[in-house]
Amino acid sequence: MTCARRVFRCFRCLERAADRITGAAGPWFVCLAISLLSIGILSFFIVIQPTLPFPWLTTPFCVLIALNMVGHYYHVCIVPPGFVGDTVSPAHGSGFLWAAPLPHGDSHLNIVYARVSRCQKCHDTRPERAHHCRICNRCVLKFDHHCPSLQYYNTSRTHVQCRVLSIRCTGINQCVGLYNERHFVLFMAYLVLATSIFAIFGFSHVLVAFELTFAAWTHSFPPFLFITTYILSLVLSLAVAVMLAWHMWGVARGETAVEAQDHEVYAKWAKERGETFVNSYDLGTRRNLTLFFNVGEGRNPLYTLFLPLRLKPYTNGYAWAHREGLNRHRGVREGEELTDGDDDEDYGGDTGGDSRNR
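Fair warning: this is a prediction, and the values are worked out from it, not measured in the lab. (Residues numbered from 1 in each chain as written. Predicted model: local features only at pLDDT ≥ 70, side-chain atom pairs only at ≥ 80, totals over all residues. Heavy atoms only, no water.)

Engineer: How would you sum up unusual backbone geometry? Please name residues and give values.
Structural biologist: In terms of backbone geometry, most residues other than glycine have negative phi values and most peptide bonds are trans. Its identity is not glycine, yet Phe54 carries a phi of approximately 50°, on the positive side. In this fold, Phe54 is placed in the loop between α2 (26–48) and α3 (55–78). Exposure remark for Phe54: the relative accessible area of 54% places this residue in the exposed category. Positive phi outside glycine occurs at Lys142, with the angle close to 50°. Structurally, Lys142 can be placed in the loop between β5 (138–140) and β6 (145–147). (Helix = DSSP H or I, 4+ residues; strand = E, 2+ residues; numbered from the N terminus. Buried < 20%, exposed > 50% of the residue type's maximum accessible area, 1.4 Å probe, protein only.)

Engineer: Can you tell me about the environment of Val176, naming the residues and giving the values?
Structural biologist: Relative to the helices and strands, Val176 is located in strand β9 (residues 174–176). Given the relative accessible area of 0%, Val176 is considered buried. Each C-alpha atom, one on Val176 and one on His145, is 5.6 Å from the other, the two residues being 31 residues apart in sequence.

Engineer: Now, about the pairing of strand β1 (residues 110–113): what can you tell me, with residues and values included?
Structural biologist: With burial as the criterion, only one face of β1 is covered, namely that bearing Asn110 and Val112; the residues Ile111 and Tyr113 on the opposite face remain uncovered. Bridge analysis of β1 against strand β10 (residues 319–322) gives four bridges, and the strand direction is antiparallel. Note on β10: the bridge partner recorded for Val112 is Trp320. (Pairing = 2+ DSSP bridges.)

Engineer: Kindly report on the packing of aromatic side chains, identifying the contributing residues and their values.
Structural biologist: Under the defined criterion, the tally for this structure stands at ten aromatic pairs. Geometrically, the ring pair formed by Phe44 and Phe45 is edge-to-face, given 5.3 Å between the ring centres and 85° between the ring planes. Its relative accessible area of 8% is what places Phe44 among the buried residues. Assessed through its relative accessible area of 27%, Phe45 is described here as partly exposed. Between Phe198 and Tyr230 the ring centres are 6.4 Å apart and the planes differ by 45°, which places this aromatic pair in the tilted class. Taken as a pair, Phe198 in helix α4 (residues 181–201) and Tyr230 in helix α6 (residues 223–252) lie far apart in primary sequence, 32 residues in all. Each member of the pair, Phe198 as well as Tyr230, is classed as buried. Members of the aromatic cluster, joined through ring pairs, are Phe44, Phe45, Phe198, Trp217, Phe226 and Tyr230. Looking at Arg129, its charged tip hangs above the ring of Tyr281, at a distance of 4.0 Å from the centre. (Phe/Tyr/Trp six-rings, centres within 6.5 Å; stacked < 30°, edge-to-face > 60°. Lys NZ or Arg CZ within 6 Å of the ring centre and 35° of its normal.)

What follows is the structure in structure tokens.
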């Protein structure tokens, strides 16, 4: 056991060092992402777009995709995720980048004021669904993950371990939380769409760039750079599609990446007692999606999904819609909620996950 503690402490030190490095390198990830997006858009409109059929139809469509991809990336980088304790909400604003304010909301929701607790790391009083980001060193409303580079977390927690699988491709250099999660998902969606179109319609051009056909390369864009861009687009179209599908699965279930792992633990504890765990935030797939994107009846019109506009979330993070008849999760008893725990020296330091309150 002593050897296991030492090994675990060694890995925890490496993980903390990686956190500091990725936090410091965040701006460089953003610069890299902007460069890659710019090269990809430039190569598409120079090489591929002029050869597409029906240019009067395909050109506006491609421009709209590019605008949404760039616009949502801009929003997810500059819109604060929503830090606990901020006196000014980042959700309120006006201008041409904002959707028109809603005349009324959905009056059929079971809105329950959030229970509050004190963070054991930054000691802020925070509402439920807020978690502490160890890179930002602040609690974030509806925390999903920190993104020095676009990361997908698949975290399997026990009391002594936390395994994290991350796929990094483009960076936003901040947390994904309540106020920018919508832009994060829509950016991934338009990135998948854009790279898929590039991979499909750029195939014939990459053959020419490789000199595998009798046609000559007549474009002003360098063939080697086009080949590199094509390969990157092909990889991203597959990798980000997996990330998008996993994230949309969580949205449809009414949970974040962090909550998904918490709920697995809750379900296990409830099953041991012969009970059934029910996620009180899960209002059904359709309602979960409409609340996340804030569209539909009594909310923003559907066209806001096809324009890079900023929208207010349905809540300020201090009250949440719950399933009818539930004010908290079923199968979870008082004091069993998982919180961002302090370092646990019994297991060689901070487990990187949450500890059970008793």
